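As a plain string of letters, each chain reads:
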Amino acid sequence: MTHEHSDGYVPEHTPRMEWAKLAPEVYKAMLQLEKATRQGTDPGLYELVKIRASQLNHCAFCLDMHTKDALAQGESVERIIQLSAWEESRHFYTRRELAALELTEAITVLTEGFVPDEVYERAAAEFEEAELAHLIAAITTINAWNRFGVSTRMVPGHYKPAAQGNAS
Amino acid sequence: MTAQPRTLELPTEFREAMQQLSAAAKRGLGDPVLAELVMIRASQLNRCAFCLDMHLTVARKAGESEARLDLLSAWEESTGTYTDRERAALALTEAVTVLTEGFVPDEVYADAAAHFDEHGLAHLIALITTINSWNRLMVARRIQPGGPAWT
């Protein structure tokens, strides 16, 4: 949302660059990546993964988009709010979702050390091989969108979800 | 302790899209020497053994010097080893790779923008994003180094 200065809110920033226009072939490949990911990933779970990775990577634009998409798909406000503390609110989620969230964190925070065997094993116990491959693809894809969003400082607040949240 | 390999194939269409992303980013940047330095530095930060093996091999075969490869993880203290343009790109690589510790600082972005035009900068960001993606795909599936003979 856009606020007048008189509201006391700081003015909205502008993006650093329009990367999709400057690099259209890259953008096209990113859309292909997104499409390939979506084909094998449960939409509700995918939004939870996207929100959690976007929280870890501090991508404001991505949080704006994916919380709205999740709500539009019927996700509960409570499950979205609890997401950044899921370890302490496990009963809000299924075992499968918890395993996916744990894997999301491990793959997102690589700089602090690998993907532990127990995390990988828990995910492998909940997801069949093809599903697990798509889950890893999904985590990688949102991490990529996060990097474009943060580095080019895309502006949050303007996203409007489609009826069935089909944007990236 | 030996790391147990995991065997998991990437979905075909996803892998193909990743290859398109790589090709588009590298083509747009148009600087293969810099591209390898960026990809090696990101792979160091993300601790991707497969990616380090691949990109160090490719860089050596392309004639990159041992000194520039050896000092890459200490590039800030290695004055005279890298150009100002390369240093700006490496600083941006680190900022975009380590997002979990907080954003991409204005001064890092501004320094990169002083050395690259918008088109180049957009593709540099794309390349950093791409290698970060490969790092994730390889580390998560624990793909081992020492694979094919890189050309």
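Rules of the game
Residues numbered from 1 in each chain as written. Chains lettered and ligands numbered in written order. Predicted model: local features only at pLDDT ≥ 70, side-chain atom pairs only at ≥ 80, totals over all residues. Heavy atoms only, no water. Disulfide = S-S within 2.5 Å. Buried < 20%, exposed > 50% of the residue type's maximum accessible area, 1.4 Å probe, protein only. pLDDT = per-residue confidence, 0-100. UniProt positions renumbered as here; feature names shortened; annotations may be inferred. Helix = DSSP H or I, 4+ residues; strand = E, 2+ residues; numbered from the N terminus. Contact = heavy atoms within 4.5 Å. Buried area = accessible area lost by both parts, 1.4 Å probe. Salt bridge = Lys/Arg side-chain N within 4 Å of Asp/Glu carboxyl O. Polar contact = N/O pair within 3.5 Å; in protein donor to acceptor, adjacent residues only side chain to side chain. Core = buried A, V, L, I, M, F, W, Y, C linked by side-chain atoms within 4.5 Å. Expected span 1.5 Å × (residues − 1). Arc of directions from axis to C-beta. Phe/Tyr/Trp six-rings, centres within 6.5 Å; stacked < 30°, edge-to-face > 60°. Lys NZ or Arg CZ within 6 Å of the ring centre and 35° of its normal.

The subject of this paragraph is the state of the cysteines. Such a bond, covalent and formed between the sulfur atoms of two cysteines, is termed a disulfide. Going through the model one piece at a time under the given rule, you end up with 2 disulfides over all chains. Across the disulfide from C59(A) sits C62(A); the S-S distance is 2.2 Å. Where C59(A) bonds to C62(A) through sulfur, the torsion about that S-S bond is close to 60°, and the disulfide is right-handed. Judged by relative accessible area, which is 1%, C59(A) ranks as buried. Paired by a disulfide, C48(B) and C51(B) hold their sulfur atoms 2.2 Å apart. On the S-S bond that ties C48(B) to C51(B), the torsion sits near 55°, and the link is right-handed. Neither C48(B) nor C51(B) differs from the other in exposure class; each is buried.

With 95% of its residues at a pLDDT of 70 or more, chain B has an overall mean of 94. With a pTM of 0.94, the predicted complex shows an ipTM of 0.94.

The UniProt record annotates "domain: Carboxymuconolactone decarboxylase-like" (unreviewed entry) at residues 24–105 of chain A. Taken as a whole, residues 24–105 of chain A contains 71% helix and 0% strand, while its terminal C-alpha atoms sit 30 Å from one another.

This paragraph deals with the interface of chain B and chain A. Each partner contributes residues to the interface: chain B has 46 residues there, and chain A has 45 residues. Around 4,100 Å² of area is buried between chain B and chain A when both sides are counted, 66% of it from carbon and sulfur atoms. Taken together, chain B and chain A are joined by 4 salt bridges. In this structure, the connection of chain B to chain A is made through 15 residue pairs in polar contact (both at pLDDT 80 or more).

So, about the nonpolar core. Counting residues in hydrophobic clusters, the biggest one holds 77 residues, and the most contacted among them are L103(A), L132(A), I136(A), L92(B), L121(B) and L124(B). In terms of residue count, the dominant contributor to this core is helix α7 (residues 118–140) of chain B (13 residues). In contact with L121(B), other than residues within four places in its own chain, are M17(A), L92(B), Y109(B), A112(B), A113(B) and F116(B). By size, the runner-up hydrophobic cluster in this structure holds 9 residues, among which are L48(A), I51(A), I80(A) and L101(A).

Moving on to helix α3 (residues 49–61) of chain B. All names here are of chain B. With 13 residues, α3 should cover 18 Å at 1.5 Å per step; its first-to-last C-alpha distance of 18 Å lies within 8% of that length. Turning to α3, its buried residues are F50, C51, H55, V58 and A59. Viewed end-on, α3 has its buried residues packed into an arc of 145°, placing them on one side of the element. Tucked inside the fold, the buried residues of α3 contact α2 (32–45), α4 (66–70) and α7.

Before going further, it helps to spend a moment on the pattern of salt bridges. Overall, the coordinates contain 17 salt bridges over all chains when judged by the stated rule. E34(A) is the salt-bridge partner of R38(A), the closest N and O atoms lying 2.9 Å from each other. You can see R38(A) and its partner E34(A) sitting in helix α2 (residues 24–38), 4 residues apart, about one turn around the helix. Taking relative accessible area as the criterion, R38(A) reaches 26% and is therefore assigned partly exposed. Between E86(B) and R68(B) there is a salt bridge, with the nearest N and O atoms lying 2.8 Å from each other. Of the two residues, E86(B) is situated in helix α5 (residues 84–97) and R68(B) in helix α4; the sequence distance between them amounts to 18 residues. For E86(B), a relative accessible area of 10% gives the class buried. Exposure remark for R68(B): the relative accessible area of 14% places this residue in the buried category.

With that settled, the discussion passes to the packing of aromatic side chains. Throughout the structure, instances matching the rule amount to 5 aromatic pairs over all chains. An angle of 75° between the planes, with centres 6.4 Å apart, marks the rings of Y27(A) and W145(A) as edge-to-face. In this pair, Y27(A) is assigned in helix α2 and W145(A) in helix α8 (residues 129–151), connecting sequence segments 118 residues apart. For W145(A), a relative accessible area of 9% corresponds to the buried category. An aromatic cluster of three or more residues is present, and its members are W19(A), Y27(A), W145(A) and F148(A). Between the NZ or CZ atom of R16(A) and the centre of the ring of Y109(B), over which it lies, the distance is 4.5 Å.

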